[in-house]
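Descriptive structure summary
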Amino acid sequence: MEKILIVGEDLDLEKEMYTWLIPDGYEVEVLRSYEYDHLKKKKFDLILSEIPEEGADIYYKDLINTFDCKIIAIVREEDVDELQECGDAGVRDYIFMPIRKKELLTKVKWLVQKNSCQVENYSGVLFSNQEYKVCINNKWIYMTRNEYRICKTLAKNSEQTFTKDHIYDFIYDLEKDTQIETITEYIYSIRKKCKEVAVNPIETIWGLGYRWNYEECM
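Here's what I pulled together on the structure shown here. What you see is a predicted model, and the numbers here were worked out from it, not measured in a lab.

Our next topic: a negative patch on the surface. A cluster of acidic side chains, namely E9, E53, E54, E77 and E78, defines a negative patch on the protein surface. One can find E53 in the loop between β3 (46-50) and α2 (56-67). The exposed category is assigned to E53, whose relative accessible area is 78%.

Rendered as structure tokens:
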């Protein structure tokens, strides 16, 4: 049973969404404030959240990092100016007031189903194909497209050592006019980002190339 969290301060709105979702078989929890520290150990498949009056970007970034699930931002007319902050924080899905039942249920069903097939596990690391992010030590790290492809390629083949030429062939088309030294730059950037969670997932095998450090990610 998929679990959905509704966050906000509009009691009537939350009650309405709750009564719509329950008959479709969802387990729904309602939080009537933006304080969710006591829920951090819980797992949710989707969050429906009103946009707070201030600090929308900080709020949504923390929400995403805490629960690691899709978020639908509920947008009122006065919230439109906050959409850029929501997008910068990683929110990609919105529903505008007044909410229509069919629209809400369709969007919820689509996102829940999409979530179930968009995350892969290789060498103990989660890879989110839609958002180009990896989860190491229970922390999500956002990558560029090519950084993500390098990590995923190495993790899927963790017993294999890849030369820069091999990695280059994996992430670039044959006609691509790009210097092979960019691979070194990508590796440096990946290591820098992963250093924030005290992990170096890519090991240098001197004279040969690079290999995914499986034990470092456990």
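Okay, back to it.
On to the environment of S189. By the element assignment, S189 lies in helix α7 (residues 182-195). For S189, a relative accessible area of 19% corresponds to the buried category. Counting along the chain gives 42 residues from S189 to E147, while the straight-line C-alpha distance between them is 7.9 Å.

Considering all chains together, one arrives at 7 salt bridges under this definition. Linking E29 and K42 is a salt bridge whose minimum nitrogen-to-oxygen distance equals 3.0 Å. Of this pair, E29 sits in strand β2 (residues 27-31) while K42 sits in the loop between β2 and β3, and the two are 13 residues apart along the sequence.

For the structure shown, the criterion picks out 5 aromatic pairs. Consider the rings of F127 and Y148, whose centres lie 5.8 Å apart with planes at 70 degrees: the pair is edge-to-face. Note that F127 is positioned in strand β7 (residues 125-128) and Y148 in helix α5 (residues 145-156), a separation of 21 residues in sequence. In this structure F127 comes out as buried when scored by relative accessible area, which is 0%. According to the relative accessible area criterion, Y148 is buried, its value standing at 3%. Here the aromatic rings of F127 and W212 are separated by 6.5 Å at their centres, their planes lie at 50 degrees, and the arrangement is tilted. Here F127, found in strand β7, pairs with W212, found in strand β11 (residues 209-212); they are 85 residues apart in sequence, far enough to count as distant. Of the two residues, F127 and W212, neither departs from the other in class, the shared state being buried. Within the aromatic cluster, the residues linked to one another by ring pairs are Y122, F127, Y132, Y148 and W212. Sitting over the ring of W140, K133 keeps its end group 4.6 Å from the ring centre.

Cut-offs used in this document
Note on numbering: residues in each chain are counted from 1, in written sequence order. Whole-chain, interface and lining totals are the exception, using all residues; otherwise, since this is a predicted model, local features are given only for residues with pLDDT of at least 70 and side-chain atom pairs are given and counted only at 80 or more. Hydrogens and water molecules were not included; the side-chain quantities draw on all heavy atoms of the structure. Any residue with relative accessible area above 30% and no salt bridge may belong to a patch, with like charges joined within 9 Å and the nonpolar Val, Leu, Ile, Met, Phe, Trp and Tyr side chains within 5 Å. The Shrake-Rupley method, run with a 1.4 Å probe sphere, supplies the accessible areas, and residue values consider only the shown protein chains as cover. Between Lys or Arg on one side and Asp or Glu on the other, a salt bridge is scored when a side-chain nitrogen of the former is within 4 Å of a carboxyl oxygen of the latter. Here the positive residues are Lys and Arg and the negative ones are Asp and Glu; neither His nor the chain ends is included. By convention, the point assigned to a charge is CZ for Arg, NZ for Lys, CD for Glu and CG for Asp. Secondary structure elements follow DSSP: runs of H or I no shorter than four residues count as helices, runs of E no shorter than two count as strands, and numbering proceeds from the N terminus. Summary of the burial criterion: residues with accessible area below 20% of their type's maximum are buried, those above 50% are exposed, and those between are partly exposed, where the area comes from a 1.4 Å probe applied to protein chains only. Here the aromatic set is Phe, Tyr and Trp, taking the six-membered ring for Trp, and pairing holds for ring centres within 6.5 Å; pairs whose planes are under 30 degrees apart are stacked, those over 60 apart are edge-to-face, and all others are tilted. Lysine and arginine charges are scored as sitting over a ring when NZ or CZ, respectively, is within 6 Å of the ring centre and within 35 degrees of the ring normal.

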